[in-house]
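If you want the building blocks of each chain, they are given just below.
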Amino acid sequence: MAVDTSPRSVTWTYVDGEWLSGNPPLIGPTSHAMWLGSTVFDGARVFDGVAPDLDLHCQRVNRSAAALGLKPTMAAEEIEALTWEGAKKFDGKTALYVKPMYWAEHGAAGVVAIDPESTRFALCLFEAPMGNGHGGSSLTLSPFRRPTLESMPTDAKAGCLYPNNARILTEARSRGFDNALVRDMLGNIAETGSSNVFLVKDGVVFTPAANRTFLAGITRFRVMTLLREAGFEVVEATLTMADFEAADEIFTSGNYSKVLPVTRLESRDLQAGPVAAKARDLYMDWAHAARDV
């Protein structure tokens, strides 16, 4: 029985100079991206008439493309303008996920290497409701780890990294957890399977130091900045599982749901704490302020 390839929400994609609805067939079986994984993407959000840090997301997708050996074909400002053009195709009632993408159509000599001149671009927007930030998530410790820059392109938001994230999440959910803390190759906590992570101890906010084994996210940076401006001490540090086990509070940050509290780590219940709530409020206030300027 054929798999239904229609998108699961209202979707529009810009490719080759036109907007197409649904899930257009863009990658064929001989495309380099199809069988050799040469894809990069980014993720931004449009909600309530605002798109927080859209410029930074558009800049990052071009950096990711260059890091993978692709040739960016769109200026970041062009991607921004297309995002707002595409957003007008929706009714504005549901938040949108914004996904600019590059991939290679052909390989260079020997096939496996990327032919940068064959780089293609698409911008996909689809409806994706925002989490309200009040519900908590549960975490376990993953048996899988984050690779280093020497073994994988961890300086890019590259599609080839995400099968590892997928198995992290699948394994955690098989044991009754929503997500998992993931260690780097030295055994220190890097992130979760789908987001950056923070802990609070004695009023001080800690987050794993960016060591190029994980993507130090745009939302992570924004949350750190806003908390510091609000008077919190925020420290980037080398953190172990023991640090998280001793935390007063844990929360995550990411583009998809912004800031979410963690309410269970392994068998320990945690409060959906005040710092997580403050971080989310600060973020949303900052995001909505752009609409009022």
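Residues numbered from 1 in each chain as written. Predicted model: local features only at pLDDT ≥ 70, side-chain atom pairs only at ≥ 80, totals over all residues. Heavy atoms only, no water.

Participant: Requested: an account of the overall build of the protein chain, with residues and values cited.
Facilitator: Secondary structure assignment for the protein chain yields seven helices and 15 strands. Compactness check: the protein chain gives a C-alpha radius of gyration of 19 Å against a globular reference of 19 Å for 293 residues, within 12% of the reference. A principal-axis box enclosing the C-alpha atoms of the protein chain has dimensions of 55 × 45 × 40 Å. Evaluated residue by residue, the protein chain yields a buried proportion of 50% over its 293 residues. Counting only contacts in the protein chain whose residues sit at least 6 apart along the sequence, the fraction spanning at least 24 positions is 69%. Carbon and sulfur atoms make up 54% of the accessible area of the protein chain, which totals about 13700 Å². Here the protein chain holds 28 positive side-chain charges and 35 negative ones, and the gap between their average locations is 3 Å. (Helix = DSSP H or I, 4+ residues; strand = E, 2+ residues; numbered from the N terminus. Rg over C-alpha atoms; globule rule 2.2 N^0.38 Å. Buried < 20%, exposed > 50% of the residue type's maximum accessible area, 1.4 Å probe, protein only. Contact = heavy atoms within 4.5 Å. Areas by Shrake-Rupley, 256 points an atom, 1.4 Å probe, with all protein chains shown as cover. Lys, Arg positive; Asp, Glu negative; His and termini not counted. Charge placed at Lys NZ, Arg CZ, Asp CG, Glu CD.)

Participant: Please give an account of helix α5 (residues 218-229) that cites residues and values.
Facilitator: Under the 1.5 Å per step criterion, the end-to-end length of α5 is 17 Å for twelve residues, consistent within 8% with the ideal 16 Å. Within α5, burial applies to I218, T219, R220, R222, V223, M224, T225, L226 and L227. The positive-phi residue at the C-terminal boundary of α5 is G231, with phi of around 100 degrees. (Expected span 1.5 Å × (residues − 1).)

Participant: Tell me about a nonpolar patch on the surface, and please be specific about residues and values.
Facilitator: Taken together, the side chains of I27, M34, W35, L36, V111 and V112 define a hydrophobic patch exposed on the protein surface, amounting to about 570 Å² of accessible area. Secondary-structure assignment places V111 in the loop between β5 (96-104) and β6 (119-127). (Patch = residues over 30% accessible without salt bridge, like charges linked within 9 Å, V, L, I, M, F, W, Y side chains within 5 Å. Salt bridge = Lys/Arg side-chain N within 4 Å of Asp/Glu carboxyl O.)

Participant: Run through the side chain of T207, naming residues and quoting values.
Facilitator: Considering the arrangement of structural elements, one finds T207 in strand β11 (residues 204-208). Within polar-contact distance, the side chain of T207 engages the backbone oxygen of V197 at 2.7 Å. Apart from the residues within four sequence positions on either side, T207 is in contact with V197, F198, R220, M224, V235, E236, A237 and L239. (Polar contact = N/O pair within 3.5 Å; in protein donor to acceptor, adjacent residues only side chain to side chain.)

Participant: For helix α3 (residues 76-87), give the residues involved together with the corresponding values.
Facilitator: Between its first and last C-alpha atoms α3 spans 17 Å; for twelve residues at 1.5 Å apiece the expected length is 16 Å, and the two agree. Those residues of α3 lying buried are A76, I79, L82, T83, G86 and A87. Buried residues of α3, viewed axially, fall in a sector of 135 degrees; they line one side. (Arc of directions from axis to C-beta.)

Participant: So what's going on with the packing of aromatic side chains? Residues and values would help.
Facilitator: Going through the model one piece at a time under the given rule, you end up with seven aromatic pairs. Ring geometry for Y97 versus Y256: centroids 5.4 Å apart, planes at 40 degrees, classification tilted. Within this pair, whereas Y97 is found in strand β5, its partner Y256 is found in the loop between β13 (249-254) and β14 (258-265), the two being separated by 159 residues in sequence. What makes Y97 buried here is its relative accessible area of 11%. Aromatic rings pair up to connect Y97, F126 and Y256 into one cluster. The lysine or arginine in question, R45, covers the ring of Y256, its NZ or CZ lying 4.5 Å from the ring centre. When the ring centre of W12 is taken as origin, the NZ or CZ atom of K89, which lies over that ring, is 4.7 Å away. (Phe/Tyr/Trp six-rings, centres within 6.5 Å; stacked < 30°, edge-to-face > 60°. Lys NZ or Arg CZ within 6 Å of the ring centre and 35° of its normal.)

Participant: Give a detailed account of the packing of helix α2 (residues 54-68) against α3, specifying residues and quantitative values.
Facilitator: Packing of α2 against α3 brings their axes to within 8 Å, and their N-to-C directions diverge by 125 degrees. In this view, α2 runs oblique relative to α3, as classed from their interaxial angle. The crossing of α2 and α3 is right-handed. Here L54, D55, C58, Q59, V61 and N62 of α2 lie close against α3, whose contacting residues are A76, I79, E80, T83 and W84. A class-by-class count of the residues in the contact of α2 with α3 yields six nonpolar, three polar and two charged. (Axes fitted to C-alpha atoms, helices over the stretch in contact; angles between N-to-C directions. Parallel < 35°, antiparallel > 145°, perpendicular 65-115°, else oblique. Left-handed = near helix turned anticlockwise from the far one by under 90°. Nonpolar A, V, L, I, M, F, W, Y, C, P; charged D, E, K, R; others polar.)

Participant: Mind laying out the environment of L125, listing which residues take part and the relevant values?
Facilitator: As for its placement among the helices and strands, L125 is situated in strand β6. Along the chain, L125 and N179 lie 54 residues apart, while their C-alpha atoms are 25 Å from each other. Those residues in contact with L125 that lie beyond four places of it in its chain are V10, T11, W12, W19, T83, G86, A87, F90, L96, Y97 and V98.

Participant: Can you break down the pattern of salt bridges residue by residue, with the values?
Facilitator: Within the structure shown, the criterion is met by ten salt bridges. Note that R60 and D42 form a salt bridge whose closest N and O atoms lie 2.7 Å from each other. Here D42 lies in the loop between β3 (39-41) and β4 (44-46) and R60 lies in helix α2, a separation of 18 residues in the sequence. Each member of the pair, R60 together with D42, is buried. Here R220 ties to E236 by a salt bridge, and the two come within 2.6 Å at their closest N and O atoms. Of the two residues, R220 is situated in helix α5 and E236 in strand β12 (residues 234-237); the sequence distance between them amounts to 16 residues. Among the charged side chains, a salt-bridge network with shared partners connects D16, E105 and R120.

Participant: Can you explain the pairing of β6? Please cite residues and give values.
Facilitator: In terms of burial, β6 is largely enclosed, as eight of its nine residues are buried. In this sheet, β6 lies alongside β5 in antiparallel orientation, the contact comprising nine bridges. The residue of β6 that forms the bridge with W103 is R120. (Pairing = 2+ DSSP bridges.)

The values reported here are purely geometric and, on their own, carry no functional implication.
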